[in-house]
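Structural features, examined
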Amino acid sequence: MADTKIVVDCSTGEVQELELTAEEVAQRVADAQAYAAAKAQEEEEAVAKAEAKQAVLDRLGLSAEEAALLLG
Amino acid sequence: MATYVEIASVTVGSGGSAYVEFTSIPNTYTDLLVKFSARSARTNDAGGSDGKLEFNGVTTGYSSRMLLQQGGAYSGTSSTLFYFVNSNNSTSNTFGNMEVYIPNYAGSGYKSVSIDAVDENNASSAYGVLTAGLWSNTAAITSLRLTDNNGGYMQYTTAYLYGIKKD
């Protein structure tokens, strides 16, 4: 993981490569954890939705292709 | 007819970078445009690496509505100004493309932001996202930061900042 940042001063054109501060490193860890949690929840919801859809198809005795055909 | 002027540009070197930031942005233009070509060092999702755009070093006051595509299309909201670029286990030597447009960046109202980003992956997993964003802050934008939320941006990632002036 890159521990540096690039800062471009638009008034002078100077480009600096600097070390991240401790706060920035901590924020990055927190952001990655938050994204991972959101992604896990999203995947959980997708699985639940797929299972619910399959349960309806099973109750109706239809395959996914037949349902798609009916729904146009 | 509007004039586009390159304010500054940068290319990430061999060490990579967690983020790229433009500071001391002059207030003499009408709008800002960013052209960003990026690859993240992330390797656990070939579909792309998410990032966020922030202004003036401020981490709050952001909101966005997104239209995303990855296999199928869906919409969502976020408390960040959200985008995707290529991750490092996507198609090799390939970088995501993004454009950011910020009208009236130096004005005294809230700042609207339009982001159009695509993760160029020659596979079934690839993100495209259109983000309609808002920074609920009346300060003029004087700095702009593009942060990768995962492994950081890799070498040859480029960012170009343009000022657009109404003639």
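Described in the following lines is the structure provided in the data block. Given the structure is predicted, the values throughout are model-derived calculations rather than measurements. (Residues numbered from 1 in each chain as written. Chains lettered and ligands numbered in written order. Predicted model: local features only at pLDDT ≥ 70, side-chain atom pairs only at ≥ 80, totals over all residues. Heavy atoms only, no water.)

1. Quick word on the overall build of chain A
The line we're drawing: Per the convention used, a helix needs a DSSP run of H or I reaching at least four residues, while a strand needs a run of E reaching at least two, with both numbered from the N terminus. Two things to know: the radius of gyration comes from C-alpha atoms, and the globule rule equals 2.2 Å times the number of residues to the power 0.38. In this scheme, a residue with accessible area under 20% of its type's maximum is buried, one over 50% is exposed, and one in between is partly exposed, where area comes from a 1.4 Å probe on protein chains only. Contacts: residue pairs with any heavy atoms within 4.5 Å of one another.
Check the secondary structure of chain A and you find 2 helices and 2 strands. Taking 11 Å as the expected radius of gyration for a compact globule of 72 residues, we find that chain A reaches 24 Å, considerably beyond that expectation. Dimensions of chain A, computed from the C-alpha atoms along their principal axes, are close to 70 × 25 × 15 Å. Each of the 72 residues in chain A was classed as buried or not, and the buried ones make up 22%. Partitioning the contacts of chain A with sequence separation of at least 6, the portion at a separation of at least 24 is 9%.

2. Remarks on the overall build of chain B
Counting secondary structure elements, chain B contains 0 helices and 12 strands. Tracing chain B from N to C terminus, the helices and strands come up as β-β-β-β-β-β-β-β-β-β-β-β. For 167 residues, the compact-globule estimate of 2.2 N^0.38 gives 15 Å, and the C-alpha radius of gyration of chain B, at 15 Å, lies within 12% of that figure. Projected onto its principal axes, the C-alpha positions of chain B cover 45 × 35 × 30 Å.

3. Overview of the nonpolar core
As a rule of thumb, soluble globular proteins bury nonpolar side chains together. Operational definition: Here, the term nonpolar core denotes a set of buried Ala, Val, Leu, Ile, Met, Phe, Trp, Tyr and Cys residues that are joined through side-chain atoms within 4.5 Å.
F22(B), F36(B), L53(B), F55(B), Y83(B) and L144(B) are the most contacted members of the largest nonpolar core, which totals 42 residues. Looking at this core, the element that brings in the most residues is strand β7 (residues 81-85) of chain B, giving 5 residues.

4. Brief notes about the pairing of strand β8 (residues 96-103) of chain B
Residue and element names in this part refer to chain B. Keep this limit in mind: For two strands to pair, DSSP has to find at least two bridges joining them.
Burial along β8 is one-sided: the face carrying G96, M98, V100 and I102 is buried and the face carrying N97, E99, Y101 and P103 is not. Here 8 bridges tie strand β3 (residues 31-38) to β8, and the two strands are oriented antiparallel to one another. In the strand pairing of β8, K35 is matched with E99. Sheet analysis places β8 next to strand β9 (residues 111-118), joined by 5 bridges and oriented antiparallel. The partner of Y101 across the bridge, within β9, is S114.

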